[in-house]
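Here's the letter readout for the chains.
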Amino acid sequence: MHALVGENGAGKSTLMKILYGMQKPDEGTIAIHGEQVSYSSPADAIARGIGMVHQHFMLADNLTVLENVVLGSEKLYGIGGKARRKILEISERYGLGVRPDVLVEDLGVADRQRVEILKVLYRGATTLILDEPTAVLVPQEVDALFDNLRELKSEGLAVIFISHKLGEVLSVADEITVIRRGTTVGTAVPAETTSKQLAELMVGSELPTPETADSTVTDRPVLQVEELRLAAPGGGKPLLDGISFTIHAGEVLGLAGVEGNGQTELIETLIGLEQADSGTVRLLGDDVTGWPTRRRRESGVGYIPEDRHRHGLLLDAPLWENRILGHVTEAPNSKGMWLDPKAAQADTERIVKEYDVRTPGIDVTAASLSGGNQQKLIVGREMSHSPKFLIAAHPTRGVDVGAQAQIWDQIREARREGLAVLLISADLDELIGLSDTLRVIYDGRLVADADPASITPEELGSAMTGAASGHLEHTEDGA
């Protein structure tokens with residue numbers, strides 16, 4: 001098991017795309033089993049036994065597991081009994097626990113990931129590339145994934161593992177390659193390396209921690225949510241059921257939960273993209289429940305979306321146009337009824353400088369930036385309008401330790417200045433480190449709360465899977 005680490009924009013994804021046949025190298029060689037190879041497409045890589053599990057899963061929700069696995073490879077084992085037997089055989093052999101007839105939309109994140117792994121094994125992969133495989137998993141699911149990977153390794157498969165979580169890399173890898181700015185800068189053996197040394201190799205600086213200093217929580221409510229309910233389309237169990245909480249000025253409320261338990265619907269209801277069926281949302285005392293999104297934004301709601309590509313950026317537009325997004329009617333982007341491109345461009349230059357967005361200029365497209373730099377641009381844009389309430393959904397997902405530290409600093413600084421923050425994250429260390437208050441969401445309900453000063457990631461992970469509720473107290477045995 002070989003880990004590949006490096007900061008955003010270091011070249012990890014580009015290198016993997018070359019290995020998987022999605023991009024052609026200009027020079028250099030790739031050898032598989034000692035034989036030099038050249039690919040013209042991913043099909044060539046698959047034929048050579050290379051399989052890739054992407055960070056964003058490539059599954060069709062409205063198909064079953066079996067249909068997803070055989071899709072595009074029907075010639076291998078057909079689409080009937082033979083394919084089913086093969087899927088069950090692989091699942092059994094590697095301890096994946098995959099059920100062929102379940103619809104993918106009914107699966108949790110960890111199960112979807114196992115389907116992705118099975119999909120590449122079904123095609124005969126002997127080398128697996130996993131891009132950020134633990135980004136959306138709770139600790140128990142991470143442990144289960146690593147057990148699966150060790151099983152694959154024991155059967156003679158090779159695994160290339162890309163991650164920003166250095167503790168995980170050190171616990172699971174046999175060897176680590178560190179790349180920086182497109183060049184290999186070092187290799188490390190986990191048994192002889194610490195997280196601190198690895199971080200210094202990656203970014204040339206120490207490993208940041210998400211710890212916050214003294215409490216800045218005031219008694220001034222900024223956001224008050226009372227008995228919020230959102231019905232499911234076509235009936236059935238509500239997507240949000242009786243959600244109530246208050247966030248004060250200077251407070252970070254951390255919301256923990258396995259993806260798909262109502263976080264997205266809660267965000268959309270707070271930002272105004274969804275209308276609640278009942279309940280109220282108050283911002284600084286005003287009832288904003290029926291307000292449209294634009295009015296909420298103009299009243300001081302900032303938003304770092306969970307999916308920066310789908311909801312945060314226009315990838316084909318230049319950076320200065322992306323700076324205007326979501327704030328079209330506000331200075332410096334507009335004067336009265338008219339946009340002010342020159343002022344927006346000047347302010348984009350400021351954001352690029354202040355937030356260390358690494359780019360050749362503000363006229364390049366957002367798509368040309370690495371994920372971490374895209375995220376820094378979004379954070380800079382949202383913080384530039386001095387929000388009163390910030391929704392931060394997975395603010396550091398897929399960003400390296402350097403960018404992570406800068407984003408944490410911005411959230412801490414805003415908190416000191418009296419901002420109320422709703423922090424939603426799959427990184428439990430981040431949630432525990434940055435939050436003043438912790439709540440757990442499960443099946444559309446808030447089921448537990450915890451004190452960030454005493455809770456462990458394992459105890460929080462247990463509540464996220466529905467195994468614990470109420471007020472979570474830390475005990476020596478983790479019960």
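Each value, and the rule that gives it
Residues numbered from 1 in each chain as written. Predicted model: local features only at pLDDT ≥ 70, side-chain atom pairs only at ≥ 80, totals over all residues. Heavy atoms only, no water. Core = buried A, V, L, I, M, F, W, Y, C linked by side-chain atoms within 4.5 Å. Buried < 20%, exposed > 50% of the residue type's maximum accessible area, 1.4 Å probe, protein only. Helix = DSSP H or I, 4+ residues; strand = E, 2+ residues; numbered from the N terminus. Contact = heavy atoms within 4.5 Å. Pairing = 2+ DSSP bridges. Axes fitted to C-alpha atoms, helices over the stretch in contact; angles between N-to-C directions. Phe/Tyr/Trp six-rings, centres within 6.5 Å; stacked < 30°, edge-to-face > 60°. Lys NZ or Arg CZ within 6 Å of the ring centre and 35° of its normal. Arc of directions from axis to C-beta. Parallel < 35°, antiparallel > 145°, perpendicular 65-115°, else oblique. Left-handed = near helix turned anticlockwise from the far one by under 90°. Nonpolar A, V, L, I, M, F, W, Y, C, P; charged D, E, K, R; others polar. Salt bridge = Lys/Arg side-chain N within 4 Å of Asp/Glu carboxyl O.

A. Quick peek at the nonpolar core. Among the nonpolar cores identified, the biggest contains 47 residues, and Ile117, Leu121, Leu128, Leu149, Ile176 and Leu198 are the most heavily contacted of them. Here this core takes six residues from helix 6 (residues 109-122), the largest share from any one element. The residues touching leucine 198, leaving out its near neighbours within four places in the chain, are Val5, Leu166, Val169, Leu170, Ile176, Val178, Ala188 and Thr193. Grouped together as the second largest cluster of nonpolar side chains are 43 residues, Ala344, Ile351, Ile362 and Leu369 included.

B. Structural detail: the sheet that holds strand 7 (residues 175-180). Read across the sheet, six strands follow the order 4-5-6-1-7-8 without closing on themselves; strand pairing throughout is mixed. This sheet does not close on itself; its edge strands, each paired only once, are strand 4 (50-53) and strand 8 (183-188). On average, each strand axis in the sheet is tilted by 20 degrees relative to the strand beside it, whichever way the strands run. Where strand 1 (residues 2-5) lies against strand 7, four bridges are found, and the strand directions are parallel. Residue pairing for strand 7: leucine 4 is matched across the bridge by threonine 177.

C. Representation of the environment of glycine 300 within the structure. Within the secondary structure, glycine 300 is located in the loop between helix 11 (293-298) and strand 14 (301-304). Excluding its chain neighbours within four sequence positions, the residues that come into contact with glycine 300 are Pro387, Lys388 and Phe389.

D. Up close: the packing of aromatic side chains. Counted under the stated rule, the structure contains one aromatic pair. Arranged with centres 5.8 Å apart and planes meeting at 65 degrees, the rings of phenylalanine 146 and phenylalanine 161 form a pair that is edge-to-face. Here phenylalanine 146, found in helix 7 (residues 139-154), pairs with phenylalanine 161, found in strand 6 (residues 158-162); they are 15 residues apart in sequence, far enough to count as distant. Neither phenylalanine 146 nor phenylalanine 161 differs from the other in exposure class; each is buried. Stacked on the ring of tryptophan 291, the Lys or Arg arginine 295 has its end atom at 3.6 Å from the ring centre.

E. Main features of helix 1 (residues 12-19). Among all positions of helix 1, only Lys12, Met16, Ile18 and Leu19 are buried. Seen end-on, helix 1 carries its buried residues on one side only, within an arc spanning 155 degrees. Phi turns positive one or two residues past the end of helix 1, at glycine 21, with a value near 80 degrees.

F. Structural context of the pairing of strand 7. When strand 7 meets strand 8, the two strands line up antiparallel, connected through five bridges. Bridge assignment links valine 178 to a residue of strand 8, and that residue is glycine 186. Taken together, strand 7 and the strand that follows it, strand 8, pair antiparallel across an intervening segment of two residues, in which arginine 181 is found at a positive phi of about 50 degrees.

G. Here's a closer look at unusual backbone geometry. The peptide bond linking alanine 331 to proline 332 adopts the cis configuration, its omega dihedral lying at 0 degrees. Counting through the fold element by element, proline 332 comes out in the loop between helix 13 (319-324) and strand 15 (334-335). With a phi close to 50 degrees, histidine 33 is a non-glycine residue in the positive phi region. Positive phi is not limited to glycine here, since aspartate 356 has a value of about 55 degrees. Tracing the backbone through its elements, the reader meets aspartate 356 in the loop between helix 14 (341-354) and helix 15 (371-383).

H. Fine view of the packing of helix 6 against helix 7. Put simply, helix 6 and helix 7 touch, their axes get as near as 11 Å, and they point 15 degrees apart. By the criterion of interaxial angle, the relationship of helix 6 to helix 7 is roughly parallel. The crossing of helix 6 and helix 7 is right-handed. The segment helix 6 lies against helix 7, with Ala110, Gln113, Arg114, Ile117 and Leu121 engaging Glu141, Ala144, Leu145, Asn148 and Leu152. Looking at side-chain class alone, the contact of helix 6 with helix 7 contains six nonpolar, two polar and two charged residues.

I. Main features of the sheet that holds strand 9 (residues 221-230). Overall, antiparallel pairing links the four strands, which are arranged 10-9-12-13 in an open sheet. The sheet is open, and its two edges are formed by strand 10 (240-248) and strand 13 (286-287), each paired on a single side. In the sheet, strand 12 (residues 278-283) pairs with strand 13 via two bridges, with the strands oriented antiparallel. Looking at the pairing, arginine 282 lines up with aspartate 287 of strand 13.

J. The arrangement of the side chain of glutamate 168 in detail. In this structure, glutamate 168 sits in helix 8 (residues 166-172). For glutamate 168, the contacting residues outside a window of four places in its chain are Thr134, Val142, Phe146 and Ser163.

K. Structural detail: the environment of proline 387. Along the polypeptide, proline 387 turns up in the loop between helix 15 and strand 17 (389-393). For the pair proline 387 and asparagine 373, spaced 14 residues apart in sequence, the C-alpha separation works out to 21 Å. What proline 387 contacts, discounting residues up to four positions off in sequence, is Gly300, Val301, Gly302, Glu382 and Leu419.

L. Fine view of the pattern of salt bridges. The full count for this structure, using the stated rule, is 23 salt bridges. Close ionic contact of glutamate 354 with arginine 350 constitutes a salt bridge, the shortest N to O distance being 3.2 Å. With a gap of four residues between them, glutamate 354 and arginine 350 both fall in helix 14, about one helical turn apart. One salt bridge in this structure joins glutamate 382 and arginine 381, with 3.1 Å as the shortest N-O distance. Judged on exposure class, the residue glutamate 382 and its partner arginine 381 are both buried. One salt-bridge network, in which partners are shared between bridges, spans Arg323, Asp347, Arg350 and Glu354.

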